[in-house]
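# A structural walkthrough
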Amino acid sequence: MDKNEFRLGRVRPAPENFLTDEDIQAVQAGRRDFLRKALLGASAAMLAPAAARAASDGDPAILNLPPWSTSLGMPVASHPYGLPSKYERGLVRRESPGLTRVGGSSVAFTPLQGLFGIITPSGLHFERHHQGWHDVDPSAHRLMINGLVKTNSVFTMDDIMRLPSVSRVHFIECGANTGMEWGNVAVPTVQYSHGMLSCSEFTGVPLKAILDMCGADYRKGRFILAEGADGSSMTRTIPMELVESGEVLVAYGMNGEMLRPENGYPLRLVVPGVQGVSWVKWLRRIEVGDKPWATKDEAVHYMDLLPDGQHRQYTSVQECKSVITTPSGGQILLDKGFYNISGMAWSGRGKVSRVDVSTDGGINWRPARLETPVLSKAVTRFNIDWVWDGKPAILQSRAADETGFVQPGYGQLRAARGTKSIYHNNAIQSWKVVESGEVSNVQVL
Ligand code: MTE
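Presented here is an overview of the structure given in this document. (Residues numbered from 1 in each chain as written. Predicted model: local features only at pLDDT ≥ 70, side-chain atom pairs only at ≥ 80, totals over all residues. Heavy atoms only, no water.)

## Considerations on the layout of surface pockets
Regions of empty space are outlined by a rolling probe, equal in size to a water molecule, passed over the atoms. The computed volume of the second largest pocket comes to approximately 530 Å³. Around the second largest pocket, the lining comprises 24 residues; the ones closest to its centre are Leu-99, Val-107, Arg-128, Ala-176 and Met-196. Secondary structure elements with two or more residues in the lining of the second largest pocket: strand S1 (106-108) and helix H6 (190-194). Split into classes, the residues belonging to the lining of the second largest pocket amount to twelve nonpolar, ten polar and two charged. (1 Å grid on protein atoms, 1.4 Å probe; cavity = no way out; pocket = protein on both sides within 12 Å on 5 of 7 lines; lining within 4 Å. Points joined across faces, edges and corners; volume = space filled by probe spheres on them. Helix = DSSP H or I, 4+ residues; strand = E, 2+ residues; numbered from the N terminus. Nonpolar A, V, L, I, M, F, W, Y, C, P; charged D, E, K, R; others polar.)

## Digging into the environment of Glu-435
With respect to the helices and strands, Glu-435 occurs in the loop between strand S22 (430-433) and strand S23 (439-442). Using a relative accessible area of 54% as the deciding quantity, one classes Glu-435 as exposed. When sequence neighbours within four positions are dropped, the list of residues in contact with Glu-435 reads Trp-388, Gly-390, Lys-391 and Pro-392. (Buried < 20%, exposed > 50% of the residue type's maximum accessible area, 1.4 Å probe, protein only. Contact = heavy atoms within 4.5 Å.)

## Description of the site of the ligand
Taken together, 22 residues sit near the ligand, with Phe-126, His-130, Asp-230, Arg-268 and Lys-281 positioned nearest. The side chain of Asn-263 places a nitrogen or oxygen atom 2.8 Å from an oxygen atom of the ligand. Trp-279 places a main-chain nitrogen or oxygen 3.1 Å from a nitrogen atom of the ligand. Examining the composition of the shell around the ligand, we find that three residues originate from one element, strand S2 (residues 127-129), more than from any other. (Near = heavy atom within 4 Å. Polar contact = N/O pair within 3.5 Å; in protein donor to acceptor, adjacent residues only side chain to side chain.)

## Re the packing of aromatic side chains
Each aromatic ring pair is described using two quantities: the centre-to-centre distance and the angle formed by the ring planes. With the rule as written, the count across this model stands at four aromatic pairs. Taking 5.7 Å as the distance between ring centres and 90° as the angle between the ring planes, the aromatic pair formed by Phe-109 and Tyr-192 counts as edge-to-face. Taken as a pair, Phe-109 in the loop between S1 and S2 and Tyr-192 in helix H6 lie far apart in primary sequence, 83 residues in all. Across the pair, exposure class does not vary: Phe-109 and Tyr-192 are buried alike. Each ring, one from Phe-202 and one from Trp-279, has its centre 5.4 Å from the other, and the planes form 65°; the classification is edge-to-face. One end of the pair, Phe-202, is in strand S6 (residues 197-206); the other, Trp-279, is in the loop between strand S11 (268-270) and strand S12 (283-289), with 77 residues separating them in the sequence. (Phe/Tyr/Trp six-rings, centres within 6.5 Å; stacked < 30°, edge-to-face > 60°.)

## With respect to unusual backbone geometry
Here Tyr-265 and Pro-266 are connected by a cis peptide whose omega angle stands at 10°. Looking at the element boundaries, Pro-266 is found in the loop between strand S10 (257-258) and S11. Cis geometry is found at the peptide bond from Thr-372 to Pro-373, where omega equals 0°. Along the chain, Pro-373 falls in the loop between strand S19 (369-370) and strand S20 (380-388). Notably, Ala-77 is not glycine yet its phi reads approximately 60°, a positive angle. Within the secondary structure, Ala-77 sits in the loop between helix H4 (60-63) and S1. Residue Ala-77 is classed as exposed on the basis of its relative accessible area, which comes to 62%. You will see that Ser-233, though not glycine, has its phi angle at about 50°, which is positive.

## Thoughts on the sheet that holds S23
Two orientations exist for strands paired in a sheet by backbone hydrogen bonds: parallel and antiparallel. Judged by pairing direction, the sheet is antiparallel, and its five strands sit side by side in the order S18-S17-S21-S22-S23 without closing on themselves. Across the chains shown, the open sheet's two edge strands, defined by having one partner strand only, are strand S18 (366-367) and S23. Of the strand pairs in this sheet, S22 and S23 are connected by four bridges, and their pairing is antiparallel. From the neighbouring strand, Val-433 faces S23, where its bridge partner is Val-439. (Pairing = 2+ DSSP bridges.)

## What to know about a nonpolar patch on the surface
A surface patch of nonpolar side chains, about 220 Å² in accessible area, is lined by Leu-99, Met-180 and Val-185. Its place among the elements puts Val-185 in the loop between strand S5 (166-173) and H6. Assessed through its relative accessible area of 37%, Val-185 is described here as partly exposed. (Patch = residues over 30% accessible without salt bridge, like charges linked within 9 Å, V, L, I, M, F, W, Y side chains within 5 Å. Areas by Shrake-Rupley, 256 points an atom, 1.4 Å probe, with all protein chains shown as cover. Salt bridge = Lys/Arg side-chain N within 4 Å of Asp/Glu carboxyl O.)

## A word on the nonpolar core
Counting 51 residues, the largest nonpolar core has Leu-143, Ile-145, Leu-207, Leu-211, Ile-224, Leu-269 and Ile-286 as the members making the most contacts within it. With five residues, strand S9 (residues 249-254) is the single largest residue contributor to this core. In this view, Ile-145 contacts Thr-151, Asn-152, Ser-153, Phe-155, Ile-210, Leu-211, Cys-214 and Ile-286; residues no more than four positions away in its chain are not counted. Among the nonpolar cores identified, the runner-up in size contains 36 residues, and Cys-320, Leu-333, Leu-334 and Ala-393 belong to it. (Core = buried A, V, L, I, M, F, W, Y, C linked by side-chain atoms within 4.5 Å.)

## Things to note about empty space enclosed by the protein
Counting across every chain of the model gives four cavities of 30 Å³ or more. Quantified by volume, the largest cavity comes out at close to 240 Å³. The wall of the largest cavity is formed by 21 residues, among which Arg-128, Gly-276, Val-277, Trp-279 and Lys-281 lie closest to the centre. Counting residues per element, the lining of the largest cavity draws most heavily on S2, at three residues. Looking at the lining of the largest cavity residue by residue, the class counts come to nine nonpolar, seven polar and five charged.

Structure, rendered in structure tokens:
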């Protein structure tokens, strides 16, 4: 682990990296005067009422004018494309130290512990490639539609971008998110346990509109096959009902600009509520067919091994799930007193209807505040007040969705689906807080 990562994980949400090496040593030495110094640079959300100080304390950061108040600032367009502050340099996507990169096949996780609200900044959107990414030339990119259609058609990007478009906020979660925990491996931070999750505003054309233009046979053609242009030959079967609902998009936009290359530029499929693997990137072909294709990414990978030795195949919906992102594994609570517990909840079946939070390992639960907007198949931010008494605690969140589905505990999940799967783990996450304030990942059955 590099130094920044350590720093990032040690002290609550962004901007953690206001801390200096001396600050971290002070925490390790248990010096509480550290708290004051750390809070000087922290955001308003960090300033619990108990931590506010009287002006008479003579804070030098108030009494002395800093250089930025007495000199010229940088000119406009110093960065034609804006970048985060240098003080935020620790907040980046990271590859898990435990996972090996094979060729271009790897994953870089979103730092959920440092995010606010529901939108993932595009530069922090998680990345998962089976065969690396390319910066595809949009003028050379094509989308072909074939199979059970009247007219086999080829679309250029210009053809697609002149069609009526929509913009919608949705989460994308890899089916393997939280996969290590099936086998009881407690990865250290929420970035690695839940960071194959992102939420963005996507812009594109409903696939249904494109299939209509090609005269799709919706009576016989009950499935589509989506194929990517990269070397992984990523191909996924998607039931036609999802396309007919109008939710599946052929998307070129993400968070107000074109998709990033690593997220499928210039064209990807958006399949709201469905596991990430079906969101085919660098989308080049859609075939309409009358049965599932059982491609390699459906018949060998992305299947759930059940306790009786059978497999669940074509399990695509990401069930209701939530996680507390602050405080979370690797962070340290600076002192007793007030904290805002914050987290994310989402469901592939619609809107999140409630989130309950426990600070005593699931004995008592309190309803959290759901922050607006609460959108269907999107991340919902929740917050709840907590006064830490300095004693050991176990923090958990439990989400429910509008269908009535309630997020299961590990005991319930394992009873139904065993311990051998790596996909679709939506169990309740537990963070243990010890007296020193250190937070770590534990499992509660
Ligand atoms: N599409 C193509 N063409 N190639 C890929 O390797 N990976 C899939 C999916 N689409 C993949 C792909 C997987 S497994 C996931 S979880 C998502 O893309 C990840 O999307 P992201 O990298 O934009 O987060």
